[in-house]
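Observations on the model geometry
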There are 2 protein chains.
Amino acid sequence: MSEGVEWGLHCCVTLAWLGDDRPVSTARLAAFFDLPTAYLNKRLQALVRAGILASTPGARGGFRLARPPEAITLMDVVAAVEGPDEAFRCMEIRQQGAGAELPERDFRQPCGIATAMRRAELAWRRELAGQTLADILAAAPAASADRTRRWFALERTGS
Amino acid sequence: MSEGVEWGLHCCVTLAWLGDDRPVSTARLAAFFDLPTAYLNKRLQALVRAGILASTPGARGGFRLARPPEAITLMDVVAAVEGPDEAFRCMEIRQQGAGAELPERDFRQPCGIATAMRRAELAWRRELAGQTLADILAAAPAASADRTRRWFALERTGS
DNA sequence: GTTCATATACTCGGATATCGGATGTCCGAGTCTTACCGG
DNA sequence: CCGGTAAGACTCGGACATCCGATATCCGAGTATATGAAC
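Attention in this report is confined to the structure presented alongside it.

Rules and cut-offs
- Residues numbered from 1 in each chain as written.
- Chains lettered and ligands numbered in written order.
- Predicted model: local features only at pLDDT ≥ 70, side-chain atom pairs only at ≥ 80, totals over all residues.
- Heavy atoms only, no water.
- Helix = DSSP H or I, 4+ residues; strand = E, 2+ residues; numbered from the N terminus.
- Least-squares fit on C-alpha atoms with pLDDT ≥ 70 in both.
- Contact = heavy atoms within 4.5 Å.
- Near = heavy atom within 4 Å.
- Polar contact = N/O pair within 3.5 Å; in protein donor to acceptor, adjacent residues only side chain to side chain.
- Nonpolar A, V, L, I, M, F, W, Y, C, P; charged D, E, K, R; others polar.
- Buried area = accessible area lost by both parts, 1.4 Å probe.
- Salt bridge = Lys/Arg side-chain N within 4 Å of Asp/Glu carboxyl O.

So, on to unusual backbone geometry. The backbone of Asp-34 of chain A shows a phi angle near 60 degrees, a positive value even though the residue is not glycine. Within the secondary structure layout, Asp-34 of chain A lies in the loop between helix H2 (26-33) and helix H3 (37-49). Although it is not a glycine, Arg-60 of chain B sits at a positive phi angle of roughly 60 degrees. In this structure, Arg-60 of chain B sits in the loop between strand E1 (53-56) and strand E2 (62-65).

Structure, rendered in structure tokens:
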């Protein structure tokens, strides 16, 4: 799994902490987490395309949450960054090669291996879909939110 | 997720169908599924290192299951092919960059995001660990096992 | 002092390089088979 | 005819290339802001 997932989640949490009053630029977030600015921007664009973030162009622009934290599940963020397709792709190798040349063979029944893997992945997705950003915020200590807010406020006035 | 997982699982199922009487060579399995022989061999070696398969070198050599199918879970095969580390690696980016330079900040409490992701991944692993090769065999139609056995027997006598 | 036009700086968005790991290939070590030779 | 021996063929195991996607970077489009001049 690409590290962009961690980036996206942390950025969403940070944006939730900072509130919707003003957008936050990529450079600010990248400085806060010590990440490559342009690449982080690319990932945030994916979140925008997924409808999780809203971007405002121009000076004093940046990103903000497009929805309230209760309406953003971890599954949404992961799917936006990693793409919609499943981790385990069944290539149906049972249908290829000499094993498939048996004339009487038919493949109407789905591959049992793919079914089992899909079941596990569904459990994973269900667990992620059951957790929202609001849950993460509630679990984090309030002091972390305060410190983060303070840092972003300081940086804004300091420049 | 690499496609080697699908290869390993199908090969394990096939080896379970064929029984333990004689080992099956990589070339035979690769021909059956139309896969690159040497690369499949590389992946089967990983299963050997994990103790899932047993290899017999020399002529008439090959692979066989090292344990009965009831004692091999899908999690075992996936972990053997994909490696032991988790899919989501928490890089602790919250501890890097300007956000970590606040002197009063401490990180004794684990990252809530990592905790949530770990929980989802544990659900995935639990689901995979709950399914054994025997379950896959039981779910598959008996005709498939018969056809596979017949093909491997024919190919052996035909050469 | 107020208003408007213009220059400017800042930010998002996508097109373009670069790098690491998965994918694919090849050759050597080891073992079983088998043919051959001697008794 | 039987046993021993040596050559041969087959297979696993690991070392060596190759390719694709994630990672990283750069430049253009667009907008809010600040500045200056005109009234």
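All right, on to the relation of the copies chain B and chain A then. Relative to chain A, chain B is turned by 180 degrees and slid 0.0 Å along the rotation axis, the superposed coordinates differing by an RMSD of 0.0 Å. In the structure described here, the two chain copies are related by an operation that fits a two-fold rotation axis. Taking C-alpha positions as the reference, the residue of chain B nearest the rotation axis is Trp-124 of chain B, at 2.5 Å. Looking at the interface residues of chain B, 100% of them are also at the interface in chain A, so both copies use one shared face.

Right, let's talk about the protein's contact with DNA strand D for a bit. Lining the immediate environment of DNA strand D, one finds 21 residues, of which Tyr-39 and Arg-43 of chain A together with Gln-45, Arg-49 and Ser-55 of chain B sit closest. Within 4 Å of the protein, the atoms of DNA strand D are drawn from sugar and phosphate moieties in a proportion of 62%. Contacts to DNA strand D include Asn-41 of chain B, whose side-chain N or O atom sits 3.2 Å from a base nitrogen. Between DNA strand D and the protein, one listed contact pairs a phosphate oxygen with a side-chain N or O atom of Gln-45 of chain B at 3.2 Å. Every element with two or more residues in the surface near DNA strand D is listed here: H3 of chain A together with helix H3 (37-49), E1 and E2 of chain B. Looking at the surface near DNA strand D residue by residue, the class counts come to seven nonpolar, eleven polar and three charged.

A word on the interface of chain B and chain A. Taken together, the contact between chain B and chain A spans 52 residues of the former and 52 residues of the latter. Summing both sides of the interface, chain B and chain A together bury roughly 4400 Å²; the carbon and sulfur share of this comes to 67%. Three residues stand out in chain B for area buried against chain A, namely Glu-6, Ile-93 and Arg-147 of chain B, and they jointly supply 16% of the buried area on that side. For the pair chain B and chain A, the number of links is zero salt bridges. In this structure, the connection of chain B to chain A is made through four residue pairs in polar contact (both at pLDDT 80 or more). Mapped by element, the contributors of at least two residues to the side of chain B that touches chain A are helix H1 (4-18), helix H2 (26-33), helix H4 (74-82), helix H5 (112-129), helix H6 (133-139) and helix H7 (142-158) of chain B. Ranked by residues supplied to the side of chain B that touches chain A, first place goes to H5 of chain B with eleven residues.

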